[in-house]
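Below, each chain spelled out in residue letters.
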Amino acid sequence: VVMPFYLLIASSITPVLVYLVLRQFAVANGARLSNNSWGGAGTSQALSNAIDRARQANHIFVAAAGNNSSNNDVTPNYPANLPIDNIVAVAAIDHNGNIADFSNRGVQTVDIGAPGVNILSCLPGGGYQYLDGTSMATPHVTGALSLLLDKYPALTYKQAIDMLYSSATISPKLQAVVGGGGRYLNVEALINAPLPDPSITASGSPVSGSFRMSRR
């Protein structure tokens, strides 16, 4: 089940608004994960508190690393750079497995790569277009985690994220730009990854909810 909430911001997004969205949809309504294809240089304690509150509710916050070709280890991009362990920061890679020219990177602050170049994307008002961006890469990771939580709803946020990282493909091409030695998303390996707790069993129940926050 996907919570049909779409936030489209033309310029900047206020941390207070993010807090209210996270508080209402992630905490109050039990969403298990969110796709956050937005970000920038600024942050606030309110934003950090909102994401941490979501963490306490077992929520995974998947965030775009940014599209400035910069190193997030040196120049932070928020919310991806916030030091909260339910955040998964996603870089964009191309069809050859290289980091996209525009993608932010950082071996300490960017967690995983995913396809983000020439991605067939929905457009506001209808229609499709091939687009580039970490905003296109981030939903790949969110979707993969949604499939995992659909299969194993008893997983904690930390168990699911650990499985995401441990099942990822390690690429020498990404070793200097993405954490974990150069991780990129491997959906098949994730869905078939060994469980961290043998008492967890597969279930036909859908993930309890997710929502999407995007900035264009």
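Quick look at the structure, then. This structure is a prediction, so every number in the text was calculated from the model and none was measured.

**Details of the overall build of the chain**
Move 1: For the chain, the helix and strand inventory stands at six helices and ten strands.
Move 2: Across the 216 residues of the chain, 49% fall into the buried class.
Move 3: By sequence separation, contacts in the chain at least 24 residues apart represent 73% of the contacts at least 6 residues apart.
Move 4: Per element, the accessible surface of the chain, about 9,800 Å² overall, is 54% carbon and sulfur.

**So, helix α4 (residues 157-167)**
Move 1: Along α4, eight of the eleven residues are buried, which leaves the element largely enclosed by surrounding structure.
Move 2: Three or more residues of α4 are buried, namely Tyr157, Gln159, Ala160, Ile161, Met163, Leu164, Tyr165 and Ser167.

**Side note on helix α2 (residues 45-56)**
Move 1: With twelve residues, α2 extends 16 Å from end C-alpha to end C-alpha; this agrees with the ideal 16 Å at 1.5 Å per step.
Move 2: Every buried residue of α2 is listed here: Leu47, Ser48, Ala50, Ile51 and Ala54. Within α2, the buried residues cover an arc of 160 degrees as seen down the axis, which keeps them to one side. Among the exposed residues of α2, those oriented more than 90 degrees off its buried face are Gln45 and Gln56.
Move 3: Asn58 sits one or two positions beyond α2 and adopts a positive phi of about 70 degrees.

**Focus on unusual backbone geometry**
Move 1: Cis geometry marks the peptide bond from Tyr78 to Pro79; its omega dihedral reads 10 degrees.
Move 2: Its place among the elements puts Pro79 in the loop between β3 (60-64) and β4 (87-93).
Move 3: If you check the backbone angles, Asn58 has positive phi at about 70 degrees while not being a glycine.
Move 4: For Asn58, the position within the fold is in the loop between α2 and β3.
Move 5: Residues other than glycine seldom take positive phi values, yet Ser69 does so here, at roughly 55 degrees.

Basis of the calculations
- Residues numbered from 1 in each chain as written.
- Predicted model: local features only at pLDDT ≥ 70, side-chain atom pairs only at ≥ 80, totals over all residues.
- Heavy atoms only, no water.
- Helix = DSSP H or I, 4+ residues; strand = E, 2+ residues; numbered from the N terminus.
- Buried < 20%, exposed > 50% of the residue type's maximum accessible area, 1.4 Å probe, protein only.
- Contact = heavy atoms within 4.5 Å.
- Areas by Shrake-Rupley, 256 points an atom, 1.4 Å probe, with all protein chains shown as cover.
- Expected span 1.5 Å × (residues − 1).
- Arc of directions from axis to C-beta.

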